[in-house]
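In case you want the letters, here they are:
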Amino acid sequence: MLEDKEPEKTSLEKLGEFGLIDQLTRAFSPKQPSTLYGVGDDAAVLKFKDQAVLVSTDQLIEGIHFDLSYMPLKHLGYKSVVVNLSDICAMNGTPTQVTVSIAVSNRFPLEALEELYAGIKLACDIYQVDLVGGDTTSSDRGLYISVTAVGHAAEKEVAYRNGAKPNDLLVVTGDLGGAYMGLKVLQREKEVFKVNPNNQPDLEPYSYIVERQLKPEARKDIVSLLKELKVKPTSMIDISDGLSSEILHLCEKSKVGCQVYEEKIPLDPTVISVCEEFVLDSTMIALSGGEDYELLFTIRQEDYPKIKGNPNLTVVGHMTEADRGAHLITRNEESIPLKAQGWNSFGEG
């Protein structure tokens, strides 16, 4: 007899809500001393002593924030946690717990959700955070994920968006534009596949930027690095909507202007080459692409010697008086007003 190649799928209806929660969370166990009690009761019980508690929530909706035709469920679970941890890191804090809520349609069997939660668990293990709760419900329009991240920082160490001063240096971590160009490659290959399903994409030349899109990382390491260097950011934000949008957020909240130098913006060689392939300007992509989840922050000029030469950090400009505005200084030394052209979830598709 021929072996059945199609694995059996478990209907969520058979499990019920509490059975599903038990099934998906049984592999999770507490790692943080601040987690007194996690999943399994009406509420999680956390304890922070003499610390500022940080809380952030994000939503990811199928068809708006992700496309399952090229986003594996395990990667989606990982990314859904990481983008929330990034918000805690952007406050100069340490993430410690998450809650995950999902709304799911009946097209998803248990095995699909187990893949999603395998990615969630991988993120929890790598970043040493605890899953301490959440909710599950039904959806008539695909998959919906809501994650809340909890973290802590010493009150005096919390970095807000409103602390930048004129002459502070503007610093960015890592490199920019990779996540957006990874998305462009995936979208292109999806269209090619729709025309010819037998055509398998070769993504090897694009592995770095595709990973930047499908499996971003929160820069928890930078929070630790800055503490080691004894550098307290005067303001801070993560780069989820594009560099220009985030710079303007800091300027608005801190009531300052800025000058950003095009030649200083960090770009990976793959980003530059793929931008050429798509006939796109790499500076524009770095400024407007989004989803890099790097950190953007300001420091006092006297702290510059502490970060000078560090491969994780690049000074891309400085803050000015508010009446001077926010400008990009091009390689030709032209001054162009910065505009927020990043991702807008309420914009037209």
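None of these values were measured; they are calculated from a predicted model.

Caption draft 1: Representation of the overall build of the protein in the model. Per the secondary structure count, the protein includes 10 helices and 13 strands. Its C-alpha radius of gyration of 22 Å places the protein within 12% of the 20 Å reference for a compact globule of 349 residues. The principal-axis extents of the C-alpha atoms in the protein amount to approximately 75 × 55 × 35 Å. Across the 349 residues that make up the protein, the buried fraction comes to 48%. Once local pairs closer than 6 in sequence are excluded, the contacts in the protein between residues at least 24 apart make up 87%. Surface summary for the protein: the accessible area is close to 17900 Å², and the carbon and sulfur share equals 49%.

Caption draft 2: Structural context of the sheet that holds strand β9 (residues 256–261). Pairing within the open sheet is mixed, and its 7 strands lie in the order β8-β10-β7-β11-β9-β12-β13. This sheet does not close on itself; its edge strands, each paired only once, are β8 (235–238) and β13 (335–337). The sheet shows a mean angle of 25 degrees between the axes of neighbouring strands, direction not considered. Pairing analysis gives 4 bridges linking strand β7 (residues 169–173) to strand β10 (residues 295–299), with the strands arranged antiparallel. Bridging from a neighbouring strand, Val171 pairs with Phe297 of β10. Across the sheet, helix α6 (residues 220–229) lies against β7, β8, β10 and β11 (313–321), angled at about 20 degrees from β10, the strand it touches most.

Caption draft 3: Representation of helix α8 (residues 269–277) within the structure. Among the residues making up α8, those that are buried are Thr270, Val271, Val274 and Cys275. Angular distribution of buried residues about the axis of α8 spans 130 degrees; they occupy a single face of the element. Exposed residues on α8 whose side chains face more than 90 degrees from its buried face are Pro269 and Glu276. Packed against the buried residues of α8 are α4 (178–195), α5 (207–214) and α9 (282–288). With a side-chain oxygen lying 2.9 Å from the backbone nitrogen of Thr270, the N-terminal cap of α8 falls on Asp268.

Caption draft 4: A look at the sheet that holds strand β3 (residues 52–61). As summarised here, the arrangement of the 4 strands in space is β3-β6-β4-β5, forming an open sheet in which the pairing is mixed. Each edge of the open sheet is held by one strand with a lone partner, namely β3 and β5 (130–138). Averaged over neighbouring strand pairs, the angle between their axes works out to 15 degrees when direction is ignored. In the sheet, β3 pairs with strand β6 (residues 144–153) via 10 bridges, with the strands oriented antiparallel. Bridge assignment links Thr57 to a residue of β6, and that residue is Thr148. Contacts between helix α3 (residues 110–127) and the sheet are confined to β4 (94–104), β5 and β6, with β4 contributing the most and set at about 170 degrees to the helix.

Caption draft 5: How the structure looks around the pairing of β11. Two elements, β7 and β11, share 5 bridges in a ladder whose sense is antiparallel. Opposite Leu169, over in β11, you have His318 as the bridge partner. In terms of strand pairing, β9 meets β11 through 5 bridges, oriented antiparallel. Looking across to β11, one finds that Val256 is bridged to Glu321.

Caption draft 6: Representation of the pattern of salt bridges in the model. Within the structure shown, the criterion is met by 19 salt bridges. Among the ionic pairs, Arg212 bridges to Asp175, the shortest N-O distance being 4.0 Å. Taken together, the positions of Arg212 in helix α5 and Asp175 in the loop between β7 and α4 put the pair 37 residues apart, joining distant regions of the chain. Accessibility assignment for this pair places Arg212 and Asp175 in one class, buried.

About the criteria used
- Residues numbered from 1 in each chain as written.
- Predicted model: local features only at pLDDT ≥ 70, side-chain atom pairs only at ≥ 80, totals over all residues.
- Heavy atoms only, no water.
- Helix = DSSP H or I, 4+ residues; strand = E, 2+ residues; numbered from the N terminus.
- Rg over C-alpha atoms; globule rule 2.2 N^0.38 Å.
- Buried < 20%, exposed > 50% of the residue type's maximum accessible area, 1.4 Å probe, protein only.
- Contact = heavy atoms within 4.5 Å.
- Areas by Shrake-Rupley, 256 points an atom, 1.4 Å probe, with all protein chains shown as cover.
- Pairing = 2+ DSSP bridges.
- Axes fitted to C-alpha atoms, helices over the stretch in contact; angles between N-to-C directions.
- Arc of directions from axis to C-beta.
- Polar contact = N/O pair within 3.5 Å; in protein donor to acceptor, adjacent residues only side chain to side chain.
- Salt bridge = Lys/Arg side-chain N within 4 Å of Asp/Glu carboxyl O.

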